[in-house]
Amino acid sequence: MQLRYSFRLYPNGPQRAALARAFGCARVVYNDALRARETARAGGEAFPMIGDLSKLLITEAKKTEERAWLGGVSAVVLQQALRDLDAAYRNFFDGLKGKRPRMGAPRFKSRKDNWQSVRFTANARWKITTGGDLSLPKVGNVRVKWSRNLPSVPSTVTVIKDAACRYFASFVVETEPEHLPETDSVVGIDLGLGHFAVLSDGTKVDAPRFLRRAEKKLKRAQQSLSRKVKGSKNRTKARVKVARAHGAVADARREFHHQLSTRLIRDNQAVAVEDLAIKGLARTRLAKSVHDAGWSAFIAMLEYKSARHGRTFYRIGRFEPTSQVCSVCGVKDGPKPLHIREWKCGACGAALDRDINAAVNVAKAAGLAVSACRAQVRRAPVPAQRDEAGTHRDGQLTVAGIPVLRAGSGSQSAVSCRRA
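Keep in mind that what you see is a predicted model, and the values were worked out from it rather than measured.

**Thoughts on the side chain of Ser-74**
Inspection of the secondary structure assignment puts Ser-74 in the loop between helix H2 (50-59) and helix H3 (75-96). According to the relative accessible area criterion, Ser-74 is buried, its value standing at 10%. Excluding residues that lie within four positions of it along the chain, Ser-74 makes contacts with Phe-120, Ala-124, Pro-137 and Lys-138.

Structure (structure tokens):
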């Protein structure tokens, strides 16, 4: 299987300028190719092939005065920009045919975009030096902070600059499965907002709420940005501060997801989660908390780590009544409001915790042999924010709790190993 490894880059001043030229040249070639294809489409002509575009927009363009500066970067970077456009069109048309989720048509890139990237293939003769630097053509030896060894030799490297002006080297490599020792443990997972994860064995993992904890800092940074004059250098500096604050939140959330998913996959032979419409939940008054939890990314990690380590991953249907069925006797006693966290089954008299009961039912729906756990756990209802839950005349706070989720909607099956 393929995995993605990302490492932080630290280019110096001249190297940053060289990378900026590479970003700009790749963007210009991409936009020129997009313009040529859209012109052909408007005129009722066939799309020009990538080979013709390469000859016209790269080889011939370098000989003109207007595009002579394209020769200042590696030709491989420009070729990969054309391939990116070709892939964008292919994905767009496949979406129209129903072969993949629908996506928009390719759009022109702007030099003001906060995310810039270029890709170097083996033809560019990039390499990792004996000193551990990344040698890029017409850029130089860039210092890399290696957090781990690559499992195999990569054929391409993508250099990325994010909104916080941080640089990363991204490698996609082929890896062999690393099967973990088999275990008899299986687990059903119920994800929510009061607790990030509740397991079928009664374990409750508190929600870290990284965005909530950083809201004051983000607010001050955003206020500082709003006071700066548009187009000024001070505004650019303030924008970078806002982006870095958001990047720190995203990095902390990603690290939490990696640690928890790795522990669950290591300790259990099979993992089951519920499939719910996260996009729909993100349009409710709990939208900020739903996005702060990052359920989709967490489920994606569980899925690819299961495949890599020889574990079994289950995703049950989104309409499974996990909160309405008694996990002890199996009697369905109807839906319950969110403020009801514990109740007694009317058929068997079992005392049930809403989240643990749902986690057990998730595991049972996947065909896993688990039993209800009656461990005493501390209840931790979390009030929703007033600006998120609405204004209540009686001053009552709404308890935020969504017990289950659907699996990750992201199509990537690659792991990001970024380290600040």
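Still to come is the rest of the account.
**Examining the sheet that holds strand S5 (residues 140-145)**
With antiparallel pairing, the 7 strands of this open sheet are ordered in space as S2-S6-S7-S1-S5-S4-S3. Each of the sheet's edge strands pairs with one partner strand only, and the pair in question is strand S2 (116-120) and strand S3 (127-128). Taken strand by strand, helix H1 (residues 13-42) contacts strand S1 (2-10), S2, strand S4 (134-136), S5, strand S6 (157-161) and strand S7 (167-174), and its axis lies near 90° from that of S2.

**Section: the environment of Leu-281**
On the secondary structure map, Leu-281 appears in helix H7 (residues 278-281). Along the chain, Leu-281 and His-291 lie 10 residues apart, while their C-alpha atoms are 9.4 Å from each other.

**Details of the environment of Thr-175**
Turning to its location among the elements, Thr-175 is positioned in the loop between S7 and strand S8 (186-191). Taking C-alpha positions, Thr-175 is 5.5 Å from Met-1, a pair spaced 174 residues apart along the chain. The residues contacting Thr-175, other than those within four sequence positions of it, are Met-1, Leu-3 and Pro-151.

**Focus on the packing of aromatic side chains**
Each aromatic ring pair is described using two quantities: the centre-to-centre distance and the angle formed by the ring planes. Summed over all chains, the structure comprises 11 aromatic pairs. For the pair Phe-196 and Phe-256, a centre-to-centre distance of 5.2 Å together with 75° between the ring planes defines the contact as edge-to-face. Residue Phe-196 is located in strand S9 (residues 195-199), and its partner Phe-256 is located in helix H6 (residues 233-267); the two are separated by 60 residues in the primary sequence. A relative accessible area of 1% places Phe-196 in the buried class.

**Notes on the nonpolar core**
In this structure, Phe-120, Leu-134 and Leu-136 are the most contacted members of the largest nonpolar core, which totals 45 residues. No other element matches H1, which puts 10 residues into this core. Residues in contact with Leu-136, not counting those within four places in the same chain, are Leu-19, Phe-120, Trp-126, Val-142, Val-157 and Val-159. Ranked by size, the runner-up nonpolar core spans 32 residues in total, among them Ile-189, Phe-256, Leu-260 and Ile-278.

**Description of the layout of surface pockets**
The volume enclosed by the second largest pocket comes to roughly 650 Å³. Lining the second largest pocket are 19 residues, and of these Arg-111, Lys-112, Asp-113, Lys-161 and Arg-239 lie nearest its centre. Listing elements by their share of the lining of the second largest pocket, those giving two or more residues are H1 and H6. Of the residues assigned to the lining of the second largest pocket, the class counts are 6 nonpolar, 4 polar and 9 charged.

Rules behind the numbers
Residues numbered from 1 in each chain as written. Predicted model: local features only at pLDDT ≥ 70, side-chain atom pairs only at ≥ 80, totals over all residues. Heavy atoms only, no water. Helix = DSSP H or I, 4+ residues; strand = E, 2+ residues; numbered from the N terminus. Buried < 20%, exposed > 50% of the residue type's maximum accessible area, 1.4 Å probe, protein only. Contact = heavy atoms within 4.5 Å. Pairing = 2+ DSSP bridges. Axes fitted to C-alpha atoms, helices over the stretch in contact; angles between N-to-C directions. Phe/Tyr/Trp six-rings, centres within 6.5 Å; stacked < 30°, edge-to-face > 60°. Core = buried A, V, L, I, M, F, W, Y, C linked by side-chain atoms within 4.5 Å. 1 Å grid on protein atoms, 1.4 Å probe; cavity = no way out; pocket = protein on both sides within 12 Å on 5 of 7 lines; lining within 4 Å. Points joined across faces, edges and corners; volume = space filled by probe spheres on them. Nonpolar A, V, L, I, M, F, W, Y, C, P; charged D, E, K, R; others polar.

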